[in-house]
Amino acid sequence: TNHAKPNTDGEIADRLMDELDQTFFSEPTTETDVDEDQPEIEPMDDYSDFRCGFIGIVGAPNMGKSTLLNNILATNLCAITKRPQTTRHSILGIYTDPLQRCQLCFYDTPGVIDTPSYELQEGMMEAVKGALVNSDVLLVVTDLFGSVIPDDAVYQGIKASKKPVVVVINKIDLADKVRIPEEGDEQAMMDEERGKTYSVEEAVQKWRMLLPEAVAILPLAAKHTQELNPGIEALKALLTGGPDVPAGFRNLGRPIDGMFPASQHTIPNAIAKGLIPSGPPLYETDWLTDRSERFFASELIRESLFERLGKEVPYCCEVRIDSFREPREGEKVIKIAASVLVERDSQKGILVGKGGSKIKQIGVDSRIKLEAFLEHRVHLDLSVKVEKDWRRNTDKLKEYGYLK
């Protein structure tokens, strides 16, 4: 067919659009126009039976909240040390169980403190309160010694909450290692006054009294093991609703009085499935967090600071990632430049060490952790700067993400 030659750019454009429409968007006129070998497109999942919710992990400092989350996710997502208050931010950890059609979004929060001493700690407590408000389930983590939540307002808020509460009694592996004070001595009297417990049974019964409406009080040891951790597996089954919640509790051994509410001997699957609300997943099923690699790089460096420095100095340190450069073509190394901020010149001297020995060792420790986390070779350049009183500076705390 002869076409009249278009005379304008507009006519040329119209002609091209007509041809594209005919080629790609016209309906097939006969059965032979349809490619029978083309695979059928799977319908999009309607998520009608999916459940997704937020779980706020709260408790006193040094209860093992971050260790617990790392074990649930089977990865070292959160910085953990033996020192209290290692966690400063509320960190989101995502666990998806496709078989149970469930996604759990955990808030790992800073340890609760009674009276914040400076603006940084106030920001940390705001993160805790935010998790209490935004969570569908509250996961209270304590230890063998029955350590209570220091801030009574936070405890009363949990107690009065209509949200499901699960209590984890952590560190039960210490039961055979602690020295129990002799009855009548000064330490025993102080422990009794504080309500300190020395056995798993005592800790469970104490927390059943403190939170009588708790769905379950679960004793476990949140630590890395080569084999499956029965306590972690029971907790995951409880929160995801299966596949067999009662079996998860049976694997813990003989039930302890107080683990379940009065007149209950276990938690049926149906009750467990009701803990997390119905809804589609909020994150991709292979995601572990919404935080960036830059953020976790700073957390791993800060973890090394806590491990290498004395009692007070790590709490005065903030780590800022100045640059994070992925390998360019032909390169094999991620290049990271980071600054460690301190509040005083004297702290800088301690951090640098004689001849730079201390900061060098911290850099070596951090690089090893970064390479394991990023699964890539890393070149780390660490510097130390003084940012006077940054923990009390509202503008700086907003810049660093501690205050809104």
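Residues numbered from 1 in each chain as written. Predicted model: local features only at pLDDT ≥ 70, side-chain atom pairs only at ≥ 80, totals over all residues. Heavy atoms only, no water.

J.: Looking at this structure, I do not really get empty space enclosed by the protein. What am I missing?
T.: Remark: the empty space left among the atoms is shown by a probe the size of a water molecule rolled over them. This structure, assessed with the given rule, holds one cavity of 30 Å³ or more. As for the largest cavity, its lining consists of Gln85, Arg88, Tyr118, Leu120, Gln121, Met124 and Tyr315. A per-class count over the lining of the largest cavity returns four nonpolar, two polar and one charged. (1 Å grid on protein atoms, 1.4 Å probe; cavity = no way out; pocket = protein on both sides within 12 Å on 5 of 7 lines; lining within 4 Å. Points joined across faces, edges and corners; volume = space filled by probe spheres on them. Nonpolar A, V, L, I, M, F, W, Y, C, P; charged D, E, K, R; others polar.)

J.: How do you make sense of helix α12 (residues 357-374) when you look at a structure like this?
T.: Residues spaced three or four apart along an α-helix point in a common direction, a consequence of the helix completing one turn every 3.6 residues. Between its terminal C-alpha atoms α12 stretches 26 Å, which fits the 26 Å expected from 18 residues at 1.5 Å a residue. Looking only at α12, the buried set comprises Ile359, Ile362, Gly363, Asp365, Ser366, Lys369, Leu370 and Leu374. Contacts from the buried residues of α12 go to α10 (293-308), β7 (318-325), β8 (333-342), α11 (345-352) and β9 (377-386). Glu375 lies just past α12 and shows a positive phi near 55°. (Helix = DSSP H or I, 4+ residues; strand = E, 2+ residues; numbered from the N terminus. Expected span 1.5 Å × (residues − 1). Buried < 20%, exposed > 50% of the residue type's maximum accessible area, 1.4 Å probe, protein only. Contact = heavy atoms within 4.5 Å.)

J.: I tried to follow the side chain of Ser304 on my own but got confused; where do I start?
T.: Of note, Ser304 is situated in helix α10. For Ser304, the side chain forms a polar contact with the side chain of Ser366, separated by 3.3 Å. With residues near it in sequence (within four places) discarded, Ser304 still touches Ile362, Asp365, Ser366 and Lys369. (Polar contact = N/O pair within 3.5 Å; in protein donor to acceptor, adjacent residues only side chain to side chain.)

J.: Got a minute to help me understand the layout of surface pockets in this structure?
T.: One number sums up the size of the largest pocket: a volume of about 480 Å³. Lining of the largest pocket is provided by 27 residues; of these, Asn62, Met63, Gly64, Thr67 and Thr81 occupy positions nearest its centre. At three residues, the largest contribution of residues to the lining of the largest pocket is made by helix α2 (residues 65-73). Residues of the lining of the largest pocket, tallied by class, amount to eight nonpolar, 12 polar and seven charged. Of the volumes computed, that of the second largest pocket is approximately 390 Å³. Ser90, Glu126, Ala127, Gly401 and Lys404 are the residues nearest the centre of the second largest pocket, which is lined by 18 residues in total. Counting only elements with at least two residues in the lining of the second largest pocket, the list comes to β2 (91-97) and α3 (119-134).

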